[in-house]
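# Reading the structure
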Amino acid sequence: MNPATSSTEPVDAPLVVGRTTLRSRLLVGTGKYATNELMRDALALSGTDCVTVAVRRVNLGRGEPSLLDYIDRARYQILPNTAGCYDAKTAIRTAELARELLGSTWVKLEVLGDPRTLLPDPIGTLEAARELVAQGFDVLCYCSDDPRLGVRLAEIGVASVMPAGSPIGSGQGVLNPNAIRILLELIDKPVIVDAGVGTASDVAAAMELGVAGVLLNSAVALAREPLRMAAAMRDACRAGRNAFLAGRIERRLYANASSPLDGVIGGGVIGTGVGAKA
Amino acid sequence: MTAPTQIEFVLNGESRVAPAGATLAQLIADLGLRSELVAVECNGAVVRRAEHAQRRLAPGDVLELVTLVGGG
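Report follows, based on the coordinates. (Residues numbered from 1 in each chain as written. Chains lettered and ligands numbered in written order. Predicted model: local features only at pLDDT ≥ 70, side-chain atom pairs only at ≥ 80, totals over all residues. Heavy atoms only, no water.)

## Some points on helix α8 (residues 226–246) of chain A
Residues and elements named next belong to chain A. Between its first and last C-alpha, α8 extends 30 Å over 21 residues, near the 30 Å set by a 1.5 Å rise per residue. Against the buried residues of α8 lie β3 (26–29), α1 (36–46), α6 (200–208), β10 (213–216) and α7 (218–221). Once α8 ends, the next one or two residues include Gly 247, with phi positive near 85 degrees. (Helix = DSSP H or I, 4+ residues; strand = E, 2+ residues; numbered from the N terminus. Expected span 1.5 Å × (residues − 1). Contact = heavy atoms within 4.5 Å.)

## Some details on the packing of α6 of chain A against α8 of chain A
The relative placement of two packed helices is expressed as an angle between their axes plus a distance between the axes. Residue and element names in this part refer to chain A. Taken N-terminus to C-terminus, the directions of α6 and α8 make an angle of 25 degrees; their axes are 7 Å apart at the nearest point. Judged by the inter-axis angle, α6 sits roughly parallel to α8. Between α6 and α8 lies a crossing whose hand is right-handed. Each of Ala 200, Val 203, Ala 204, Met 207 and Glu 208 in α6 lies in contact with α8, whose residues at this interface are Ala 232, Met 233, Ala 236, Cys 237, Gly 240, Arg 241, Ala 243 and Phe 244. Among the residues making up the contact of α6 with α8, the classes are represented as ten nonpolar, one polar and two charged. (Axes fitted to C-alpha atoms, helices over the stretch in contact; angles between N-to-C directions. Parallel < 35°, antiparallel > 145°, perpendicular 65-115°, else oblique. Left-handed = near helix turned anticlockwise from the far one by under 90°. Nonpolar A, V, L, I, M, F, W, Y, C, P; charged D, E, K, R; others polar.)

## Examining the layout of surface pockets
Residue and element names in this part refer to chain A. Estimated volume of the largest pocket: approximately 610 Å³. Forming the walls of the largest pocket are 20 residues, and the residues nearest its centre are Arg 181, Glu 208, Leu 209, Gly 210 and Phe 244. Only α5 (177–186), α6 and α8 provide two or more residues apiece to the lining of the largest pocket. Among the elements that line the lining of the largest pocket, the one with the most residues is α5, at four residues. Its residues placed into classes, the lining of the largest pocket shows eleven nonpolar, two polar and seven charged. (1 Å grid on protein atoms, 1.4 Å probe; cavity = no way out; pocket = protein on both sides within 12 Å on 5 of 7 lines; lining within 4 Å. Points joined across faces, edges and corners; volume = space filled by probe spheres on them.)

## Quick look at the nonpolar core
Burial of nonpolar side chains together is a common tendency in soluble globular proteins. Counting 68 residues, the largest nonpolar core has Ile 71, Leu 109, Leu 153, Val 203, Val 214, Leu 216 and Met 233 of chain A as its most contacted members. Counting residues per element, this core draws most heavily on helix α2 (residues 88–102) of chain A, which supplies eight residues. (Core = buried A, V, L, I, M, F, W, Y, C linked by side-chain atoms within 4.5 Å. Buried < 20%, exposed > 50% of the residue type's maximum accessible area, 1.4 Å probe, protein only.)

## Topic: the packing of aromatic side chains
By convention here, two paired aromatic rings are described through the distance between centres and the angle between planes. In total, this model carries zero aromatic pairs over all chains according to the counting rule given. Stacked on the ring of Tyr 142 of chain A, the Lys or Arg Lys 108 of chain A has its end atom at 5.7 Å from the ring centre. (Phe/Tyr/Trp six-rings, centres within 6.5 Å; stacked < 30°, edge-to-face > 60°. Lys NZ or Arg CZ within 6 Å of the ring centre and 35° of its normal.)

## Section: helix α4 (residues 147–156) of chain A
Residue and element names in this part refer to chain A. Counting buried positions along α4 gives seven out of ten residues, so the element sits mostly inside the fold. Among all positions of α4, only Pro 147, Leu 149, Gly 150, Val 151, Leu 153, Ala 154 and Ile 156 are buried. In the core, the buried residues of α4 are packed alongside α3 (122–134), β7 (138–143), β8 (160–163) and α5. Gly 157 sits one or two residues past α4 and shows a positive phi near 110 degrees.

## So, the pairing of strand β5 (residues 62–70) of chain B
The pairing of strand β4 (residues 50–57) of chain A with β5 of chain B spans five bridges and is classified as antiparallel. By the bridge assignment, Ala 54 of chain A is partnered in β5 of chain B with Val 69 of chain B. Sheet topology places strand β1 (residues 6–11) of chain B next to β5 of chain B; two bridges connect them, and they run parallel. Residue pairing in the sheet places Val 10 of chain B in a bridge with Val 62 of chain B of β5 of chain B. In the sheet, strand β3 (residues 39–42) of chain B pairs with β5 of chain B via four bridges, with the strands oriented antiparallel. Each residue of the ladder has a partner; that of Glu 41 of chain B, found in β5 of chain B, is Glu 64 of chain B. (Pairing = 2+ DSSP bridges.)

These results come straight from atomic positions and should not be treated as a statement about function.
Put into structure tokens, the structure is as follows:
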């Protein structure tokens with residue numbers, strides 16, 4: 001066997017959220033794409049197998065192609081959200097309608113505080129999560145990055161705690177990685193960073209913290225080249241996950257040579273080489 | 001007194017009329033919607049798809065007809 005040949009690829013466990021198993025740790029939204037075709041192709045390049053959708057009143061004007069015509073349901077798990085709901089009651093009704101539409105009991109719960117910040121309302125979120133869990137939903141719960149709120153949601157029995165890295169669509173990345181790290185220590189449910197991703201390094205940085213996955217939408221849909229960005233997100237998610245699993249080295253103040261210190265010509269003595277001062 | 005030939009109801013926030021006795025399934029078909037892509041809430045409670053053919057509109061019903069759209 002040629003000792004210079006190697007083909008080892010690291011393996012990873014799938015992401016299990018409630019009763020659903022996902023191969024990819026990237027979850028991708030279907031909003032804001034210029035066309036349905038662009039969305040379809042971006043989803044494919046992202047490598048995701050879970051896509052989010054929203055529930056809205058039907059357009060009574062005229063027949064339009066449905067989003068679902070562009071989503072291969074054999075390939076993707078469809079995760080309906082309760083985006084746009086500002087109270088627990090509306091979010092619960094929306095989840096119930098989503099269950100009727102898709103025939104599945106998983107839902108991304110969002111109960112928002114106000115339209116300008118779109119920050120999650122923690123009290124309404126907790127109320128709605130409790131009711132939906134009691135109804136048998138697998139609740140993937142969008143929430144703020146407060147670790148104690150995450151603990152309370154995990155105790156209620158949500159399938160995943162999904163803290164916002166930063167406000168929805170803001171592209172600021174994970175603003176408080178320490179809060180995410182603490183949350184990861186406090187609960188054993190999968191933590192998925194949801195919202196705030198701006199670019200690939202945000203995904204990698206989040207995954208390096210040890211979160212189970214990242215959910216994004218605008219960063220791909222609104223990129224100058226959504227398809228290229230979708231591929232970048234796919235690679236960043238894998239890179240960050242592998243870096244987390246591999247275990248990074250400690251940060252040091254001083255250098256630590258990679259090459260041997262011994263055996264340098266001239267004895268490796270500082271200031272004796274050609275051109276050195278006598 | 002004769003029974004009214006039309007009933008008034010609210011659909012997605014708009015006042016509408018339908019022939020008396022119309023079912024949810026007929027309403028969905030009349031609107032040109034694909035029934036498998038529509039979920040119906042009547043007066044705050046989901047009406048399962050299997051019941052659409054039997055469920056008749058009643059005067060004053062408040063309906064929400066929803067579908068799935070792009071979102072995060």
